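# Observations on the model geometry
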Amino acid sequence: MRRAARAASLAAGLALGVACAERGPAPREVVPPPSAPAPPAPEVRSLEVTATAYNAHPSQTDGDSREGAWGHRLEPGTKAVAVSPDLVAMGLTPGRTLRIEGLDGEWRVLDRMPDRWTRRIDLFMDTDAEAARAWGERRVRVSWEP
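Each value, and the rule that gives it
- Here the residue index of a chain counts from 1 through its sequence in written order.
- Only residues with pLDDT of 70 or above have their local features reported here, since the model is predicted, and side-chain atom pairs are shown and tallied only from 80 upward, although totals for entire chains, interfaces and linings are computed over all residues.
- With hydrogens and water excluded, all non-hydrogen atoms of the structure serve as input to the side-chain values.
- The set of buried Ala, Val, Leu, Ile, Met, Phe, Trp, Tyr and Cys residues whose side-chain atoms join them within 4.5 Å is what this entry labels a nonpolar core.
- In this scheme, a residue with accessible area under 20% of its type's maximum is buried, one over 50% is exposed, and one in between is partly exposed, where area comes from a 1.4 Å probe on protein chains only.
- Strands here are runs of E lasting at least two residues and helices are runs of H or I lasting at least four, both read from the DSSP assignment and numbered beginning at the N terminus.
- Throughout, a residue-residue contact means that at least one pair of heavy atoms, one from each residue, lies within 4.5 Å.
- Whether two strands pair depends on DSSP finding at least two bridges between them.
- Axis lines are fitted to C-alpha atoms, over the contacting stretch for helices. Their N-to-C directions set the angle, which ranges from 0 to 180 degrees.
- The pairing test for Phe, Tyr and Trp rings, Trp by its six-membered ring, is centres within 6.5 Å, and the orientation test on the planes gives stacked under 30 degrees, edge-to-face over 60, and tilted for anything in between.
- By definition, being over a ring means that NZ of Lys or CZ of Arg is both within 6 Å of the ring centre and within 35 degrees of the ring normal.

Attention now goes to the nonpolar core. By size, the foremost hydrophobic cluster in this structure holds 20 residues, and its most contacted members are V81, L98, I100, I121, L123, V140 and V142. Only β1 (45–54), β2 (80–83), β3 (97–100), β4 (106–112), β5 (120–124), α3 (129–135) and β6 (138–144) provide two or more residues apiece to this core. The greatest single-element share of this core, amounting to four residues, is contributed by β1. Not counting chain neighbours up to four residues away, the residues in contact with L123 comprise T52, A53, Y54, A80, V81, I100, L103, W107 and W135. If you look at the next biggest cluster of nonpolar residues, it comprises eight residues, including A56, A80, A82 and F124.

This is how it looks when you write it as C-alpha cells:
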C-alpha cells in the first residue's frame, strides 16, 4: 500500500512538473533598476533691496535714453531693471532674470546704476513718469537663480 501511495504521489509530482514546463518558468518579481538620483534643485538667491523707478527720458540717463549701460535696447514694454554694482558682483549680471516681490513676471537685468548706489535696483518704466512717481522708493525682496 505504501508503494502504491508513493507511486501515486510521484506520478502527481511528474504531472505537475510537466504542466509547469509547458507553461514556462514561474514568473519572477520584476524589480525596476535603480533610478538615477534626481538633480539637485537650483539654488535660489534672495535679497532685500531698495527699489526705485526710472523712465526713458534724456534727463534721467546718460546718453541715449533707450540704451542701457551694457548696450541693451530698452524697448517699450520691456521688464528691465538697472542694478547697483554690488548686485552685479552678487550675480545679477547683464541678461539675468529675476523676480521682484509684489510685481508680476520676470524682469531682466539690462542696465547698471552709478557706483554711488548699493543694494539698489531701478525699475524701467518706459515713458510713464506717473507710474515711476507712484512707485517711489520701496524695500522689496528680489530672487534669482545664480
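Next comes the rest of the description.
Spatial ordering of the closed barrel is given by β1-β5-β2-β4-β3-β6, a layout of six strands whose pairing is mixed. Averaged over all neighbouring strand pairs, the angle between strand axes comes to 45°, with direction disregarded.

This brings us to the packing of aromatic side chains. Under the definition given, this model contains one aromatic pair. A centroid spacing of 5.7 Å and a plane angle of 55° characterise the contact between Y54 and F124, whose relative ring orientation is tilted. You can see Y54 sitting in strand β1 and its partner F124 sitting in strand β5, a full 70 residues away along the chain. In this pair, the class of Y54 matches that of F124, namely buried. Across from the ring centre of W135, 3.8 Å away, lies the NZ or CZ of R138, which sits over that ring.

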